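Below, each chain spelled out in residue letters.
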Amino acid sequence: MSLIHGIMVGLKEMWAHKMRSFLTMLGVILGVAALAAMFAFMEGMIADMEKFIRETGGVERVTCSSDQIPEDQMPFSGLNRQRRMKDIQALMYNIPEIDEFSPEVSLGRDYPVQYMNKTVRVEVRGVTVGELALRNYEVEKGRFICDLDRVERQRVCVLGTYPADELFGQYGDPLGRKIRIGGKNFRVVGVLKHYVAGQGGQNWMNWKNRIVFIPMETTWTVFTHNKDIPALDIQVKDTSKVAEISQRAQQVLFHTHRHISCLQMRTNEEMVQNFSDRTAAFNITLGIVASISMLVGGIGIMNIMLASINERIREIGIRKAIGARNIDILSQVIVEAVLLSVLGGILGVGVSLLLTKFITFFVKENLSAPIVKPEQLLFAFSVSVVVGIVFGIFPAFKAASLDPIEALRHE
Amino acid sequence: MARTVVELIDICKTYDTGAAAYEALHKINLKIEEGEFLAIIGPSGSGKSTLMHILGCLDTATSGIMKLEGRDISKMSANELATIRNKRIGFVFQTFNLLPRFNILQNVELPMVYGNVSPFERKRRAMDVLKMVGLDDRWNHLPQELSGGQRQRAAIARALIMKPAMLFADEPTGNLDTKTGAQIMQLFKELNDAGHTIILVTHDREIAAQTKRQVEIRDGRIREV
């Protein structure tokens, strides 16, 4: 039997029962749409997360943070001291594999920065040039903090785009102007690049723009009046060595801190691992939901094919009488089932595109922009084809096994 | 000497109804030769339909041998029988049995769909046969748009399309008025004159009398009239 004939018969049947066919297809449409939309949102989430990890220094970054001093070391915890430049020197000397250091002294996330009569509250951070590599910043205009600024305790600063726009929006180029940070005059020597991510007026990368950098040593002299380094990040470009080197760094700092374990090295790898675990869990859950809806769609198809066969017993008898073999009847029914599911699949892919647009339009917050990948649409579509074949098999066998004499007698 | 189209040797058909076996056909022997116009007559329940189903390869006998054009088909599989029905046997039914959603041309083409004839060839052959039964100007009508007589002509065209060895007609005039019925019988006679082997199954002796040879079935036994 020719496939064209089968398709023609199937289309005629569908056209003769438009409403019934559409309702049957609806199950597949929704299943495929849910599957494809889910893929798009997951893809968007993964992309955003990857970007976030990259923008915060990627997996090459190791954060050295303070840790709770253990109980048994508490009596002599007073011997402990803050991190200082000596720690960095010890690391530099002992572990040459470390590519960059970035010590940081933050004055807080709400520090007042003033120009003329305008004030913004942003994070003010004392840094070295290592900050650029470790926090993934780039300078748009002017220059960054350099080592000479640190040695000379220069009162210079580099602005993120948020304070730059807020303070100088109406006055023009901020370079060379004096702003007041905590009441002290600082000269603007550079402006950072603007960072954007997300959509619909939401910019979840804005934290990166809400920043003012000053030389670390200047922070000590002008603000903190000590030489502590509360935060230290190191970068190891060879990602295969990150774990080993963070271990060694911890050992070195253990020595410089009189064997008091007050420090902890954290790698971004844990974050990446966490994230991929979570993505996998999401995928499984949503996959199950989508499978159930495809199952429901498939059962709908099976149901309607059984009904359709029941109505056409006589037709099957006629076809058998004039020479249709069992395989001809079998393939005819499967072709009709697949036709229903394929049309449902095509419409479902269309609906998924609308659905992603619709959801993004109404739910802007906390939602990554969906990414529609053609291969995933194709996958969702092929699932519908498989559903048609699988759920068409039972009705097809039923139709093929009809006795021609009985079928011809059927009224 | 004409060739033998079909030969039945000691054909029996028994239905197992649970309590007792019911013998629908008892040792039927029948030989039909090419170009015959044969009527099988008998009241309902006589085994007439069973005989027709076996002759038409829709059913197989419980015992006995059936030869179609010299080949023993009693032990063939369902699929092989389907192919034989497709290529060697044409059916005409009392209720026409045209597919309602297909036009006359598509209905006539249907056996060729299962016989693997190319679409172009199908259309050409179908139009030729429709011309023969006088329906070539109605090829694009649906069955329900035609009169009973026209529908039966279309059904005859469909039965003839594969150039079968024999044409079965099961009460072909049963759903038609006398005048139309006579026209259909006339068409059968013309087809027989053109060389077609025709087997008419009927309970109507008047119709049967118009054929060249009649056999009667009664209680599963056959008898030449």
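Residues numbered from 1 in each chain as written. Chains lettered and ligands numbered in written order. Predicted model: local features only at pLDDT ≥ 70, side-chain atom pairs only at ≥ 80, totals over all residues.

## Thoughts on the overall build of chain A
Note the cut-off: Think of it this way: any DSSP run of H or I at least four residues long counts as a helix, any run of E at least two long counts as a strand, and we number them from the N terminus. The quantity called the radius of gyration is restricted to C-alpha atoms. Its globule counterpart is 2.2 Å times the number of residues to the power 0.38. Contacts here follow a simple rule: the backbone-placed C-beta atoms of the two residues must lie within 7 Å.
When helices and strands are counted, chain A shows 14 helices and 11 strands. Rg of the C-alpha trace for chain A: 33 Å, well past the compact-globule value of 22 Å for 411 residues, more than 25% over. Dimensions along the principal axes, computed over C-alpha positions, put chain A at roughly 105 × 55 × 35 Å. Across chain A, every contact between residues at least 6 apart in sequence was considered, and the portion connecting residues at least 24 apart equals 83%.

## As for the overall build of chain B
Here is the rule: Between the buried cut of 20 or more and the exposed cut of 12 or fewer other C-beta atoms within 10 Å of a residue's own C-beta lies the partly exposed class, and all C-beta atoms are placed from the backbone.
Counting its secondary structure elements, chain B contains 7 helices and 10 strands. On C-alpha atoms alone, chain B measures out to a radius of gyration of 17 Å, which is about the 17 Å that the 2.2 N^0.38 rule sets for 225 residues. Seen through its principal axes, chain B has C-alpha atoms that stretch 50 × 45 × 40 Å. By residue count, 45% of the 225 residues in chain B fall in the buried class.

## Here we look at the environment of D177 of chain B
All names here are of chain B. Residue placement: D177 occurs in the loop between strand 7 (166–170) and helix 6 (178–193). The exposed category is assigned to D177, around which 11 C-beta atoms lie within 10 Å. A sequence separation of 28 residues divides D177 from G149, and the C-alpha atoms of the two residues are 8.8 Å apart.

## A word on the pairing of strand 9 (residues 213–218) of chain B
All names here are of chain B. Quick note on the threshold: Two strands pair if DSSP finds at least two bridges between them.
In this sheet, strand 9 lies alongside strand 3 (residues 37–41) in parallel orientation, the contact comprising 4 bridges. Within strand 9, the residue paired with A39 across the bridge is Q214. Bridging between strand 9 and strand 10 (residues 221–224) involves 4 bridges; their strand directions are antiparallel. Directly across from R218, in strand 10, lies its bridge partner R221. Count of turn residues in the strand 9/strand 10 antiparallel hairpin: 2 residues, of which D219 carries a positive phi of about 50°.

## Some thoughts on the interface of chain B and chain A
For clarity, the cut-off: Ten residues, namely Ala, Val, Leu, Ile, Met, Phe, Trp, Tyr, Cys and Pro, are considered nonpolar, four, namely Asp, Glu, Lys and Arg, are considered charged, and the remaining ones, Gly among them, are considered polar.
In this assembly, 18 residues from chain B lie in contact with 17 residues from chain A. Breaking the side of chain B that touches chain A down by element, the ones donating at least two residues are helix 2 (78–88) and helix 3 (104–114) of chain B. Sort the elements by how many residues they give to the side of chain B that touches chain A and helix 2 of chain B lands first, with 6 residues. Considered class by class, the residues forming the side of chain B that touches chain A number 9 nonpolar, 6 polar and 3 charged.

## Let's talk about the nonpolar core
Here is the rule we go by: For this entry, the nonpolar core is defined as buried Ala, Val, Leu, Ile, Met, Phe, Trp, Tyr and Cys residues connected by C-beta atoms within 7 Å.
Counting residues in hydrophobic clusters, the biggest one holds 118 residues, and the most contacted among them are V32 and A36 of chain A together with I40, A157 and I199 of chain B. Top contributing element to this core by residue count: helix 2 (residues 18–55) of chain A, with 14 residues. Contacts of V32 of chain A, omitting those with residues within four sequence positions, involve G344, G345, G348, V349, S352, A380, F381, V383 and S384 of chain A.

## Points about the environment of E43 of chain A
All names here are of chain A. For E43, the location among the structural elements is in helix 2. Classification of E43 as partly exposed rests on a count of 17 C-beta atoms within 10 Å. When the C-alpha atoms of E43 and I371 are compared, they prove to be 5.6 Å apart, with 328 residues separating the residues in sequence. Filtering out sequence-adjacent residues up to four positions away, E43 remains in contact with P370, I371 and K373.

## Considering the sheet that holds strand 2 (residues 21–33) of chain B
All names here are of chain B. Strand order in the open sheet made by the 4 strands is 2-1-4-5, with antiparallel pairing throughout. In this open sheet, the two edge strands, each paired with only one partner strand, are strand 2 and strand 5 (71–72). Across 2 bridges, the pairing between strand 4 (residues 63–68) and strand 5 is antiparallel. Residue K67 lies in a different strand from strand 5, and its bridge partner there is D72.

## Structural notes on unusual backbone geometry
All names here are of chain B. With a phi angle near 60°, C57 is a residue other than glycine that sits in the positive phi range. Assignment of secondary structure puts C57 in the loop between helix 1 (48–55) and strand 4. The backbone phi angle of F96 is positive, close to 65°, even though this residue is not glycine. Relative to the assigned elements, F96 resides in the loop between strand 6 (89–92) and helix 3. By the C-beta count within 10 Å, which is 22 here, F96 ends up buried.

## Quick word on the sheet that holds strand 9 of chain B
Residue and element names in this part refer to chain B. Inclusion rule: Every axis in this analysis is a line fitted to C-alpha atoms, fitted for helices over the stretch in contact. Angles between the N-to-C directions lie between 0 and 180 degrees.
Within the open sheet, the 6 strands sit side by side as 6-7-8-3-9-10. Their pairing is mixed. Single-partner strands in this sheet number two, and they are strand 6 and strand 10. Adjacent strand axes in the sheet meet at a mean angle of 20°, parallel and antiparallel pairs treated alike.

## Details of the packing of helix 3 (residues 85–94) of chain A against helix 9 (residues 242–256) of chain A
All names here are of chain A. We count it as follows: Throughout this description, any angle smaller than 35 degrees is read as roughly parallel, any larger than 145 degrees as roughly antiparallel, any in the 65 to 115 degree range as roughly perpendicular, and the remainder as oblique. Crossings are sorted by hand: turned counterclockwise from the far helix by less than a right angle, the near helix makes the crossing left-handed, and turned clockwise it makes it right-handed.
Close contact between helix 3 and helix 9 brings their axes to 10 Å; oriented N to C, the two are set at 135°. With respect to each other, helix 3 and helix 9 are oriented oblique. Our pair here, helix 3 against helix 9, has a crossing hand that is right-handed. Judged by residue contacts, K86, D87, A90, L91 and N94 of helix 3 engage A249, V252, L253 and T256 from helix 9. Partitioning the contact of helix 3 with helix 9 into residue classes produces 5 nonpolar, 2 polar and 2 charged.

## Structural notes on the pairing of strand 2 of chain B
Direction of pairing for strand 1 (residues 4–16) of chain B relative to strand 2 of chain B: antiparallel, over a ladder of 9 bridges. Residue pairing for strand 2 of chain B: K13 of chain B is matched across the bridge by L25 of chain B.

## Observations regarding helix 9 of chain A
Structural remark: α-helix, 3.6 residues per turn; residues separated by three or four positions point the same way. Residue and element names in this part refer to chain A. Here is the rule we go by: One less than the number of residues in a helix, times 1.5 Å, gives the span that helix is expected to have. For this quantity, the arc is that covered by the directions from the helix axis to the C-beta atoms.
If you check helix 9, its first and last C-alpha atoms are 21 Å apart, about what 15 residues at 1.5 Å a residue would give, namely 21 Å. Listing the buried residues of helix 9 in full gives V242, I245, S246, A249 and L253. For helix 9, the buried positions fall inside an angular range of 100° around the axis, keeping them on one side. Turned more than 90 degrees off the buried face of helix 9, the exposed positions are E244, Q247, Q251 and H255. Where helix 9 is buried, its residues contact strand 1 (61–66), helix 3, strand 10 (231–235), strand 11 (263–267) and helix 10 (268–311). The positive-phi residue at the C-terminal boundary of helix 9 is R258, with phi of around 55°.

## Digging into the packing of helix 2 of chain A against helix 12 (residues 326–362) of chain A
Angle between the axes and distance between the axes: these two values describe a pair of packed helices. All names here are of chain A. For the pair helix 2 and helix 12, the least separation of the axes is 6 Å and the interaxial angle reads 45°. In terms of their interaxial angle, helix 2 and helix 12 are classed as oblique. Like other packed secondary-structure pairs, helix 2 and helix 12 cross with a definite hand, here right-handed. Of the residues in helix 12, those in contact with S21, T24, M25, V28, I29, G31, V32, A33, A36, A37 and A40 of helix 2 are L340, S341, L343, G344, G345, L347, G348, V349, V351, S352, L355 and T356. A breakdown of the residues in the contact of helix 2 with helix 12 according to their chemical character gives 14 nonpolar, 9 polar and no charged.

## A word on helix 3 of chain B
In terms of residue burial, helix 3 of chain B counts as a mostly covered element, since 11 of its 11 residues are buried. Every buried residue belonging to helix 3 of chain B is among I104, L105, Q106, N107, V108, E109, L110, P111, M112, V113 and Y114 of chain B, and all of these are buried. Residues of helix 3 of chain B that are buried make contact with helix 1 (3–16) and helix 12 of chain A together with helix 2, helix 4 (119–132) and helix 5 (148–160) of chain B. Phi for N116 of chain B, located one or two positions after helix 3 of chain B, is positive at around 55°.

Function cannot be inferred from these measures alone, as they are strictly geometric.
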